[in-house]
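Spelled out, the chains give:
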Amino acid sequence: MLIDRRWRESFESRAERNGPWDDWTMFRLAVEAETASLVPSFDTMLCLSRLSGFSPMPHQIETARKVLFEMRGRAVLADEVGLGKTIEAGLVLKEYLIRGLVRKALILVPASLVLQWVRELNQKFDIPAVAHKKEYMWTGCDILVASLDTAKRAPHRDIVLGIDYDMLIVDEAHKLKNDRSANYRFVNRIRKKYCLLLTATPVQNDLSELYNLITVVKPGQLGAQDRFRETFMLDRRVPKNEERLRGEIAKVMIRNRRGDGDIEFTRRIVRNVRLELSVDERRLYDGVTDFVRNRYREAKSSGSSGSMLPLLVLQREVCSSRDAVFLTLVRMFAKTPQDSPVRQDILSLVELIRLVQANTKAEKTAELLRECGDKAVVFTEYRATQEYLLQFLKERGIAAVPYRGGMNRGKKDWMTDLFRNRAQVMVATEAGGEGINLQFCNHIINFDLPWNPMRVEQRIGRVHRVGQTRDVYIFNLTTAGTIEEHILTLLHEKINLFERVIGGLDAILERLESKTPWEANLFRLAMEAESDDELRAGLDRLGKAFRDAERLVKSERALSTGGVRLAARSGENQS
């Protein structure tokens, strides 16, 4: 062992002459710098003492620790929506940067989330991440956040594939589930030392999707694909050799659930607002319902299942706005043969639309916004309803901005900033709501209700998520004597969806939907019920099936690793 003693001669010489000595302030700074760079032990997380104004939750710290010290920086982070996968990835990246193990990192995300990621990394972690805008930035910037769609296109593709990255992070990584897709092939070819894939849905339709994600993170972990199918799959959704498979998955995947006991959220305070339709609105609702029921019976008797979807959409739209109904009727009219009597039925409904001069739900929405006097997100499923609401609120002096799937990245970020800093209201559609974090707001108005519980939970999860410090107020608008009222009863009273966090909601629906999609089953119940009592009885049975499936999923938690449920065993009778 060699010991550097050159400092000793200099020190003895200065001691004899009593100087010159270094500046005391500079000396203390040097000592602090050396102390800060020390690593007390291998499993100490240095980043926790260097965060700016926020404290990660225990499950986020534990996840990061597991990735760093057990999974060696290669993992699938599969937490449910709203639990802070971005925070977990940021902790891992920050730790590697401090330790000098990462210098060049690439974060690939949906275009609408680029600036959100840049903001989070800079403000919370002091990581100097920048958004990709120019071609030179691929090589000129060390921590780069870019759209996956941009990165995989020429000329960017060849540049990215020619760089050796210390770390690659991919958000919404379920877009890599198909190994024949351009996304998968591109990401799999990127050269990287560490790799994190973030997705709330690691398995959607096929166990092969899980294999593909894990292969990107750690090639060979599950063997060759043919061998994986032979060893671990009874069919595409049902595993075999589960103990062994769980053990392999646990080495590369972590899943935290909202229902886990150590994850705390603020309260959800729910108010169901029951409204009476005007006379003209009631005529339109009854007319549309009769039209849909007649077409449903015709389609069922002829075996034409392909015509069911427009009918389902129309039945849901009539509980939203006349504008949404009108657009669907126009499309149906264009596709209907000229000699069909259905055309006259459609024209009769258009005449009923002309008579509707007001929207009871819109009036109530404006009233609720004035009462709360705070920021609120108004959710609707339909673009036509969104446009109507924006104009309606503008006429009443309420500042509102839109947010929808068709907007480009820049406009989405602009709308989010306007909502945060200036507007009281954001009117958002389902497509636009994916991935955005709106914890600065704590009021939600469900102008119309999705029939699928998962989509309802995704709406709430935009606001009620990790980082929300206030109780969240949820207003559900429903019209008396309509199918929407029955749906709300199912979601609220039978399932208790709004007030509690249902752990494993995706797994529950997967079990229930093994034969028939949830929404299609609801539509069938609504169309075939001869009375309200019969419809209520059918929804009671569906609610019981949901609760039974929830109990089974909870019991199956013992058969999962890291909270990852592998596959549904069988379907339940849904009605």
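Residues numbered from 1 in each chain as written. Predicted model: local features only at pLDDT ≥ 70, side-chain atom pairs only at ≥ 80, totals over all residues. Heavy atoms only, no water.

**Student:** How would you summarise the packing of aromatic side chains if you had to cite specific residues and measurements?
**Tutor:** We describe a pair of aromatic rings using the distance from one ring centre to the other and the angle between the two ring planes. For the structure shown, the criterion picks out 9 aromatic pairs. Between the aromatic rings of F228 and F232, the centroid separation amounts to 5.6 Å while the plane-to-plane angle is 50°, which identifies the pairing as tilted. Note that F228 and F232 are positioned in helix α11 (residues 225–232) at a spacing of 4 residues, about one turn of the helix. The exposure classification of F228 matches that of F232, with both residues buried. Taken together, a centroid distance of 6.0 Å and an interplanar angle of 75° make the contact between W518 and F546 edge-to-face. Residue W518 is found in helix α24 (residues 518–528), and its partner F546 is found in helix α25 (residues 532–555); the two are separated by 28 residues along the sequence. (Phe/Tyr/Trp six-rings, centres within 6.5 Å; stacked < 30°, edge-to-face > 60°. Helix = DSSP H or I, 4+ residues; strand = E, 2+ residues; numbered from the N terminus. Buried < 20%, exposed > 50% of the residue type's maximum accessible area, 1.4 Å probe, protein only.)

**Student:** Talk me through the pairing of strand β2 (residues 105–109); I want residue IDs and the actual numbers.
**Tutor:** Of all the 5 residues making up β2, 5 are buried; the element is thus mostly covered by neighbouring parts of the structure. Residues of β2 alternate between two faces, with A105, I107 and V109 on one and L106 and L108 on the opposite face, all of them buried. Here β2 runs beside strand β4 (residues 143–147); their pairing, made up of 5 bridges, is parallel. Each bridged residue has a counterpart across the sheet, and for V109 the counterpart in β4 is S147. In terms of strand pairing, β2 meets strand β5 (residues 164–170) through 4 bridges, oriented parallel. Following the sheet pairing, I107 is matched in β5 by I169. (Pairing = 2+ DSSP bridges.)

**Student:** Requested: an account of the sheet that holds strand β6 (residues 191–198), with residues and values cited.
**Tutor:** Read across the sheet, 7 strands follow the order β3-β4-β2-β5-β6-β1-β7 without closing on themselves; strand pairing throughout is parallel. One side of each edge strand has no neighbouring strand; the edge strands of this open sheet are β3 (130–131) and β7 (253–254).

**Student:** So, the packing of helix α13 (residues 279–302) against helix α14 (residues 308–317): which residues are in play, and what are the values?
**Tutor:** Running from N to C, α13 and α14 cross one another at 160°; their axes reach a closest spacing of 10 Å. Put simply, α13 runs roughly antiparallel to α14. When the axes of α13 and α14 are compared, the crossing they make is left-handed. Taking contact as the criterion, the partners of Y285, V288, T289, F291, V292, R295, Y296, A299 and K300 in α13 are, on α14, M308, L311, L314 and Q315. Taken together, the residues of the contact of α13 with α14 break down into 9 nonpolar, 2 polar and 2 charged. (Axes fitted to C-alpha atoms, helices over the stretch in contact; angles between N-to-C directions. Parallel < 35°, antiparallel > 145°, perpendicular 65-115°, else oblique. Left-handed = near helix turned anticlockwise from the far one by under 90°. Contact = heavy atoms within 4.5 Å. Nonpolar A, V, L, I, M, F, W, Y, C, P; charged D, E, K, R; others polar.)

**Student:** Describe in detail empty space enclosed by the protein, supporting the description with residues and values.
**Tutor:** Overall, the coordinates contain 4 cavities of 30 Å³ or more when judged by the stated rule. As a volume, the largest cavity reaches approximately 170 Å³. Together, 16 residues line the largest cavity, and L277, E281, V318, S320 and S321 are the ones closest to its centre. Mapped by element, the contributors of at least two residues to the lining of the largest cavity are α13 and α17 (360–372). (1 Å grid on protein atoms, 1.4 Å probe; cavity = no way out; pocket = protein on both sides within 12 Å on 5 of 7 lines; lining within 4 Å. Points joined across faces, edges and corners; volume = space filled by probe spheres on them.)

**Student:** I'd like to hear about the pattern of salt bridges, residue by residue, with values.
**Tutor:** Summed over all chains, the structure comprises 37 salt bridges. Between D374 and R470 there is a salt bridge, with its nearest N and O atoms 3.3 Å apart. One end of the pair, D374, is in the loop between α17 and β9 (376–380); the other, R470, is in the loop between α21 (453–461) and β13 (472–479), with 96 residues separating them in the sequence. On the basis of relative accessibility, which here comes to 32%, the residue R470 falls in the partly exposed class. What emerges from the salt-bridge pattern is a single network uniting R316, E381, R455 and E519. (Salt bridge = Lys/Arg side-chain N within 4 Å of Asp/Glu carboxyl O.)

**Student:** Outline the confidence of the model for the chain, listing residues and values.
**Tutor:** Model confidence for the chain is summarised by a mean pLDDT of 85, while 89% of its residues fall at 70 or above. Helix α20 (residues 430–433) is the least confidently modelled element of the chain, averaging 62 in pLDDT, while β5 averages 97, the highest of any element. Segment residues 558–575: pLDDT under 50, and 60 contacts once partners within four positions in sequence are set aside and those in other chains are kept. (pLDDT = per-residue confidence, 0-100.)

**Student:** Describe in detail the environment of G162, supporting the description with residues and values.
**Tutor:** Along the polypeptide, G162 turns up in the loop between α8 (156–161) and β5. Of the residues examined, G162 reaches a relative accessible area of 49% and is grouped as partly exposed. Sequence separation between G162 and R189 is 27 residues; the distance between their C-alpha atoms is 9.8 Å.

**Student:** Explain the sheet that holds strand β10 (residues 400–403) to me, and be specific about the residues and the numbers.
**Tutor:** A sheet is described by the order of its strands in space; here 6 strands give the open sequence β8-β13-β12-β9-β11-β10, paired in parallel fashion. What marks the edges here is a single partner per strand, and that holds for β8 (268–275) and β10. Averaged over all pairs of adjacent strands, the angle between strand axes in this sheet comes to 20°, irrespective of strand direction. Packed onto the sheet, helix α19 (residues 409–421) meets β9, β10 and β11 (425–429) and runs at close to 150° relative to β10. Relative to strand β12 (residues 443–446), α21 is tilted by about 150°, and along the sheet it contacts β8, β9, β12 and β13.

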